[in-house]
Amino acid sequence: MVPRIFDDMNFYITPDRIYIEPSESNEFVIVQRPNGAISLHTTESKEQLPIHGYELRKICGVLGMVRLISGLYLVVVTHRIFIGLIDNEPIWQMAGTDLIPLTQTLTHLSEAQKEQNDIYLAMMRQVLDTPFFYFSYGYGLADTMQRICMNAVDNSILGFCTRSDKRFIWNIGMLKEFSHLDRYILPIIHGFVSINDVIINGHSLSWILISRRSVQHAGTRLFCRGINQDGEVANYVETEQILIAGQDRVSFVQTRGSIPLFWQQTPNMQYKPRPRILTGRDHRLACARHFEQQCKWYGAQTLINLIDHKGAEEVLEKAYDATISALANPLLNYVSFDFHKECKKMRYDRLSLLMSRITSQQDSFGVYHMSHDGKVYSTQKGVFRTNCIDCLDRTNVVQSLIAKRSLEQTLQKLGIFKLGEKYIDPSSQFDTIFKSVWADNADVISIQYSGTGALKTDFTRTGKRTFKGLLRDGLNSLTRYVKNNFYDGFRQDSIELFLGRYKVNDGEGLNLPSPLTVSDPKVDMRKRMISTMFLFEVAVFFVILLYPTEYSLKTGYMLLGWGIVFALTERFFRKHRIDFVDFPKLLSKK
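What counts and what doesn't
Residues numbered from 1 in each chain as written. Predicted model: local features only at pLDDT ≥ 70, side-chain atom pairs only at ≥ 80, totals over all residues. Heavy atoms only, no water. Patch = residues over 30% accessible without salt bridge, like charges linked within 9 Å, V, L, I, M, F, W, Y side chains within 5 Å. Areas by Shrake-Rupley, 256 points an atom, 1.4 Å probe, with all protein chains shown as cover. Salt bridge = Lys/Arg side-chain N within 4 Å of Asp/Glu carboxyl O. Buried < 20%, exposed > 50% of the residue type's maximum accessible area, 1.4 Å probe, protein only. Domains from an automatic or database assignment. Contact = heavy atoms within 4.5 Å. Buried area = accessible area lost by both parts, 1.4 Å probe. Axes fitted to C-alpha atoms, helices over the stretch in contact; angles between N-to-C directions. Helix = DSSP H or I, 4+ residues; strand = E, 2+ residues; numbered from the N terminus. Parallel < 35°, antiparallel > 145°, perpendicular 65-115°, else oblique. Left-handed = near helix turned anticlockwise from the far one by under 90°. Nonpolar A, V, L, I, M, F, W, Y, C, P; charged D, E, K, R; others polar. Core = buried A, V, L, I, M, F, W, Y, C linked by side-chain atoms within 4.5 Å. Pairing = 2+ DSSP bridges. Polar contact = N/O pair within 3.5 Å; in protein donor to acceptor, adjacent residues only side chain to side chain.

Asks: Would you explain a nonpolar patch on the surface in this entry?
Replies: Residues L553, Y557, L560, I564 and L568 make up a contiguous nonpolar surface patch of roughly 550 Å² in combined accessible area. The class of L560 is exposed, set by a relative accessible area of 52%.

Structural data, given as structure tokens:
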């Protein structure tokens, strides 16, 4: 039995120490201020809890510690939202956090360091405020049911953080100081969790969808693409569909991830920058490493590639196909499907062509099926790894269709469907729930990666493409453009800091240069110049607009002058457009 993580805890703050006391335990932890030294005590020991001179708070869990310029900060969960139960274990959504400084004053910092420390704090809060993080005190939320069973050890004393799949624990970079205190540390996953109690043909069921975003090669849409030297890919997500029906537990897992080659799509103020394959890199070796790990974790792989076969995406499709062919791995089956060509003019019914190509693989992969007492009836022997360019919109549409087929097979096998029934009734309440949850899954994963909701979710929600959905997609595409060009550098830096890939150094901003202060005076000048000219042009435009409407030579001269200035500004902007992109600063991605 895995020891449960401590639930609600008392949090005592004194000038010298911070005490963390579980509600139902005779032990507590002391964190020394300001050096962060941690020690475990019992109520019988000499070190007793404070009697007076303290501030008392209630917390839901501890995420760990992070070092910023001013010193160490303790990161704690203060609020939570109940999502539902999995095998009678509550699942929670993180709804509030706090960063507690162990150093009480900032008098040792310069004004510049204080400003930089505030930026780092804003970065931490940027990630913590991104929807959605989830946790459980008694269920291994970072693992699939199959992994939980495979990793089970009788009489194990290992906690959830030690046993769980580190690929999906988002506070992994904050755990060093708490490495020996498993019951005090709350592992969190980032992604999507939906738990639904439903009734199908009189059977009460629990249908669950869990998407886990990987911490490996994590980042934002245009600053994090492709693969790295370790074989880790961008926007990697493991999605598990669980059905709990009476004594049966059935799990079906799919994955998504960026095309496993070295490629970039660097923002440059263009609406859609062209993807570019990087030269001088060993694509085959990195791709081989990626799939070696994937096969180790999941077994056989059917690789569904949904990108275009023509246009800007063509170069990636051909390179991916060629690389998989060169690997000659018998566990890999490459399936290329030009989503946009096949489904143009909103013919999404043509996705049946893809489904017919992969049914035999899905049948051979199977599902993980066990009883409530741990008896295993079958295991899942392989997964579908689906991708498009972003691994968001097209990917989610196809994953939902694959998941639905798996679910229908399970409902038929468990005898929940009526005799002769093979498909979920499209007019049923459950069908509406199924489509809505998968669309929500698309939106949440998309917000976390690209900054906006997903595209094409009208098909996922309703089963057909709509004009209203097209308008919504247009707005989301425009919003993505703005965020990806003007805000994602900061978001990328925030993720690097949160995951511990960038570590703040002692003396940063004083004895050591801070990456936050690195700037090019020429770039700053250009930004100020364009901003000034733009405001001037807007003001002149409104002057002309409010000018007497009858035509005059003076009006013509004003329009001509305004047009010339506008053309010069636009030309200057196009020449220096890369200067206006918000690039990351902590670990250069430019």
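Asks: In this structure, what is going on with the domain arrangement of the protein? I would like to understand it.
Replies: By a widely used convention, the size of an interface equals the accessible area lost when the partners come together. Its domain assignment divides the protein into domain 1 (219-420) and domain 2 (521-580). Taking the mean C-alpha position of each, domain 1 and domain 2 sit 48 Å from one another. With four residues of domain 1 at the interface, the matching set in domain 2 holds four residues. Considering only the side of domain 1, the residues that lose the most area to domain 2 are N268, M269 and Q270, jointly responsible for 91% of the buried surface there.

Asks: Would you mind going over the packing of helix α7 (residues 351-365) against helix α8 (residues 393-413) with me for this structure?
Replies: Relative orientation and spacing of two packed helices are given, respectively, by the angle between their axes and the distance between those axes. Packing of α7 against α8 leaves a shortest axis separation of 11 Å and a crossing angle of 50 degrees. Viewed along their axes, α7 and α8 adopt a mutual orientation that is oblique. Regarding α7 and α8, the two cross each other, and that crossing is right-handed. Only V397, V398, L401, I402, R405, S406 and Q409 of α8 make contact with α7, whose side of the interface consists of L351, L354, M355, I358, T359, Q362 and D363. Grouping the amino acids of the contact of α7 with α8 by side-chain chemistry returns eight nonpolar, four polar and two charged.

Asks: Whenever I open this one, the nonpolar core confuses me. Can you help?
Replies: In terms of nonpolar packing, the biggest core is built from 46 residues, with I86, L205, W207, I210, L407, L411 and F430 touching the most fellow members. Among the secondary structure elements, those contributing two or more residues to this core are β10 (189-200), β11 (203-213), β12 (237-245), α4 (283-298), β18 (368-371), α8 and α9 (429-450). The element best represented in this core is β10, accounting for six residues. In contact with L411, other than residues within four places in its own chain, are I200, L205, L243, I416, F417 and I424. I5, L68, L109 and V127 belong to the second largest nonpolar core, which has 38 residues in total.

Asks: Looking at this model, I keep getting lost on the pattern of salt bridges. Mind explaining?
Replies: Any two side chains of opposite charge can pair, on the condition that their charged atoms come close. One pass over the structure, following the stated rule, counts 30 salt bridges. Measuring nitrogen to oxygen at the nearest pair gives 2.8 Å for the salt bridge that ties D87 to R249. With D87 in the loop between β7 (71-86) and β8 (89-101) and R249 in strand β13 (residues 248-256), this residue pair connects regions lying 162 residues apart in the sequence. Of the charged contacts in the structure, one is a salt bridge between E240 and R212, with a shortest N-O distance of 2.7 Å. Linking E240 in strand β12 with R212 in strand β11, this pair joins segments that are 28 residues apart in sequence.

Asks: Looking at this structure, I do not really get the pairing of β7. What am I missing?
Replies: For a regular strand, side chains alternate in direction, first toward one face of the sheet and then toward the other. With seven bridges joining them, strand β6 (residues 61-68) and β7 adopt antiparallel strand pairing. Paired with R67 across the bridge in β7 is L72. Counted along the chain from β6 to the antiparallel partner β7, the turn is two residues long. With 12 bridges joining them, β7 and β8 adopt antiparallel strand pairing. Within the sheet, the bridge partner assigned to L74 lies in β8 and is I100. In textbook terms, the turn of a hairpin is the stretch between consecutive antiparallel strands, and for β7 and β8 this stretch comprises two residues, one of which, D87, has a positive phi near 50 degrees.

Asks: What is the right way to read the side chain of R225 from this model?
Replies: With respect to the helices and strands, R225 occurs in the loop between β11 and β12. Its relative accessible area of 6% is what places R225 among the buried residues. In this structure the side chain of R225 is engaged in a polar contact, spanning 3.3 Å, whose partner is the backbone oxygen of R221. Residues contacting R225, with those up to four places away along its chain left out, are H217, A234, S258, W263, Q264, Q265, I389, D390 and Y449.

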